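Geometric and topological summary
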Amino acid sequence: MSAPATGRGGTVPAATAAVSAPGRPLSSAVVVLSTVVAVISLGVGALLAVAGAAGYAAGAWVSPEPLSPGLIGAAMVGVAPGLLTLGRAGTWEEVRSLYLPLVVVMVGLSAVTLLNAGSLRVAVGGPLFLVLFSLGWVPVVGVLALASVGCLAAQYRRPATGPSRTAPVPVPVPAWSRPLLAVLGSGWLGIGAGLLFLPGFWSAFVPWTVNRADAQGLGVWALSLGVGVLASLA
């Protein structure tokens, strides 16, 4: 019978004595920002999704059809639960496949907003609610984009720690699924890059009517999905 593992505090149960890979401690700034983004995404995303389902294009910019802002809103609602539970993780390696796409989305949407400033509701005009929504969208997305990059830099300034004796051994991704995930992630990455950087050409492949801002906004989300899937293989 093997002897139980011991540490400074005494005996450690054998079931928790497994050694895990070294990791970088999760920064509290990453957790706070993820929570803020999740709360905002739940409110704004629900508004866009419900309006799109009802046949109204309630986005920050003018859209030819309600489907594009509705899909963006649904994506915002869909990622919120994961962001809210991000603080339960102990190391950066456990959450980077979710936080890196967050950075891509915030920076990408901020860039798309600035590049298509002429099509914003606040510039074009329209119902008062949509004009005010567009007016608030610009600074909020810009601030969150800068904060997400700053928190990412702060995270990588934290030194990595050695193996933990009490943390469970992480379950690896099954070998058979890695090629499929690589193809899936690369596909979304290519689609997102095409819609974002060549919207005039790639928007013709979208099965509904989109303008430049819609195509680039959808491209940002597709790009983030590809980053998240590929990051899960790291």
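Residues numbered from 1 in each chain as written. Predicted model: local features only at pLDDT ≥ 70, side-chain atom pairs only at ≥ 80, totals over all residues. Heavy atoms only, no water.

So, about the nonpolar core. Ranked by internal contacts, the top residues of the largest apolar core, which has 45 residues, are Trp 61, Tyr 99, Met 106 and Trp 137. Breaking this core down by element, the ones donating at least two residues are α1 (28-53), α2 (67-84), α3 (96-115), α5 (128-157), α6 (177-197) and α8 (212-231). The greatest single-element share of this core, amounting to eight residues, is contributed by α5. Those residues in contact with Trp 137 that lie beyond four places of it in its chain are Val 44, Ala 60, Trp 61, Leu 109 and Thr 113. (Core = buried A, V, L, I, M, F, W, Y, C linked by side-chain atoms within 4.5 Å. Buried < 20%, exposed > 50% of the residue type's maximum accessible area, 1.4 Å probe, protein only. Helix = DSSP H or I, 4+ residues; strand = E, 2+ residues; numbered from the N terminus. Contact = heavy atoms within 4.5 Å.)

Looking at where Ser 134 falls in the secondary structure, it is placed in helix α5. Judged by relative accessible area, which is 0%, Ser 134 ranks as buried.

Along the polypeptide, Ser 148 turns up in helix α5. Using a relative accessible area of 0% as the deciding quantity, one classes Ser 148 as buried. Setting aside anything within four residues of it in sequence, one finds Ser 148 in contact with Leu 33, Tyr 99, Leu 102, Val 103, Met 106 and Val 107.

Turning our eyes to something else, we now look at the packing of α2 against α8. Running from N to C, α2 and α8 point in directions that differ by 20°, and their axes come no closer than 10 Å. Considering their axes alone, α2 and α8 lie roughly parallel with respect to each other. The handedness of the crossing between α2 and α8 comes out as left-handed. In contact with Ser 68, Leu 71, Ile 72, Ala 75, Met 76 and Val 79 of α2, α8 contributes Asp 214, Gly 217, Leu 218 and Trp 221. Across the contact of α2 with α8, the residue classes tally to seven nonpolar, two polar and one charged. (Axes fitted to C-alpha atoms, helices over the stretch in contact; angles between N-to-C directions. Parallel < 35°, antiparallel > 145°, perpendicular 65-115°, else oblique. Left-handed = near helix turned anticlockwise from the far one by under 90°. Nonpolar A, V, L, I, M, F, W, Y, C, P; charged D, E, K, R; others polar.)

Our focus in this paragraph is α1. Turn by turn, an α-helix covers 3.6 residues, leaving residues three or four places apart pointing in a common direction. An ideal rise of 1.5 Å per residue puts 38 Å on 26 residues; α1 measures up with 37 Å between its terminal C-alpha atoms. Considering bend angle alone, the principal kink of α1 is centred on Ser 41 and spans about 25°. Three or more residues of α1 are buried, namely Val 30, Leu 33, Ser 34, Val 37, Ala 38, Ser 41, Val 44, Gly 45, Leu 48, Ala 51 and Gly 52. N-capping of α1 is provided by Ser 27, with a side-chain oxygen placed 3.2 Å from the backbone N of Ala 29. Trailing α1 by a residue or two, Gly 55 shows a phi angle of about 95°, which is positive. (Expected span 1.5 Å × (residues − 1). Bend = angle between axes of the 7 residues up to and from the residue. Polar contact = N/O pair within 3.5 Å; in protein donor to acceptor, adjacent residues only side chain to side chain.)

What follows deals with α8. Its 20 residues give α8 an end-to-end C-alpha distance of 28 Å, which sits within 8% of 28 Å, the value for a rise of 1.5 Å per residue. Of all the 20 residues making up α8, 16 are buried; the element is thus mostly covered by neighbouring parts of the structure.

In this section: empty space enclosed by the protein. If a probe as big as a water molecule is rolled over the atoms, it shows which places are left empty. All told, the structure shown has one cavity of 30 Å³ or more when counted by the stated rule. For the largest cavity, the calculated volume is near 80 Å³. Looking at the largest cavity, the residues that line it are Leu 48, Gly 59, Ala 60, Trp 61, Ser 68, Pro 69, Ile 72, Phe 133, Trp 137 and Asp 214. Elements supplying a minimum of two residues to the lining of the largest cavity: α2 and α5. Broken down by element, the residue count for the lining of the largest cavity peaks at three residues, all from α2. Among the residues forming the lining of the largest cavity, the class breakdown is seven nonpolar, two polar and one charged. (1 Å grid on protein atoms, 1.4 Å probe; cavity = no way out; pocket = protein on both sides within 12 Å on 5 of 7 lines; lining within 4 Å. Points joined across faces, edges and corners; volume = space filled by probe spheres on them.)

For the coordinates displayed, the defined rule picks out seven aromatic pairs. Ring geometry for Trp 92 against Tyr 156: centres 5.5 Å apart, planes inclined by 75°, an arrangement best described as edge-to-face. A residue pair is termed long-range when its members are at least 10 positions apart, and Trp 92 in the loop between α2 and α3 and Tyr 156 in helix α5 qualify at 64 residues. Residue Trp 92 is classed as buried on the basis of its relative accessible area of 1%. According to the relative accessible area criterion, Tyr 156 is partly exposed, its value standing at 42%. Judged by centre distance (5.4 Å) and plane angle (45°), the ring pair of Trp 202 and Phe 205 falls under tilted. When its relative accessible area of 32% is taken as the criterion, Trp 202 is described as partly exposed. Counting every residue linked through ring pairs, the aromatic cluster contains Trp 61, Phe 133 and Trp 137. (Phe/Tyr/Trp six-rings, centres within 6.5 Å; stacked < 30°, edge-to-face > 60°.)

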